[in-house]
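Chains, contacts and geometry: an overview
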Amino acid sequence: MKKLLSVFSTFFAGFLLYSAWAGYIEEEFKITEYKGYIVNKFQSEQVSDMGTVYITNQNYQIVFSTGQSLAVPLSIYQKVNKGEYKVLLEQNNHITVSK
């Protein structure tokens, strides 16, 4: 009976590890695609109070003709212009412009 329990526990642990790893791999290679004409692009400034210091953060947003809004870094914000058709790919919080 001990041997059967030991074998079962080993296979069950292996199954749990495989399930966790498969979910991790799936999330690691997940790519979100944003495409359409750039309708609007705007920047905003967020002020944070850190005690006696005020910190300002720049936020850059792009709005597509499909209605999707995407926060992008400055380099992407400068590369795209209103009226252009663009395809942006997001993977693990990294955004790239597809050619």
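Residues numbered from 1 in each chain as written. Predicted model: local features only at pLDDT ≥ 70, side-chain atom pairs only at ≥ 80, totals over all residues. Heavy atoms only, no water.

**Considering the overall build of the chain**
Summing up its helical and strand segments, the chain has two helices and five strands in all. Against the globule reference of 13 Å for 99 residues, the chain gives a C-alpha radius of gyration of 23 Å, more extended than a compact globule. Its C-alpha atoms give the chain principal-axis dimensions of about 70 × 45 × 20 Å. A burial count over the chain gives 17% of its 99 residues as buried. Excluding contacts between residues fewer than 6 apart, the proportion of contacts in the chain whose partners are at least 24 apart in sequence is 48%. (Helix = DSSP H or I, 4+ residues; strand = E, 2+ residues; numbered from the N terminus. Rg over C-alpha atoms; globule rule 2.2 N^0.38 Å. Buried < 20%, exposed > 50% of the residue type's maximum accessible area, 1.4 Å probe, protein only. Contact = heavy atoms within 4.5 Å.)

**Thoughts on a nonpolar patch on the surface**
Taken together, the side chains of Leu5, Phe8, Phe12, Phe15 and Leu16 present a nonpolar region at the surface, about 550 Å² in accessible area. One can find phenylalanine 12 in helix 1 (residues 2-28). What makes phenylalanine 12 partly exposed here is its relative accessible area of 43%. (Patch = residues over 30% accessible without salt bridge, like charges linked within 9 Å, V, L, I, M, F, W, Y side chains within 5 Å. Areas by Shrake-Rupley, 256 points an atom, 1.4 Å probe, with all protein chains shown as cover. Salt bridge = Lys/Arg side-chain N within 4 Å of Asp/Glu carboxyl O.)

Fair warning: the whole summary comes from geometry, so function is off the table for now.
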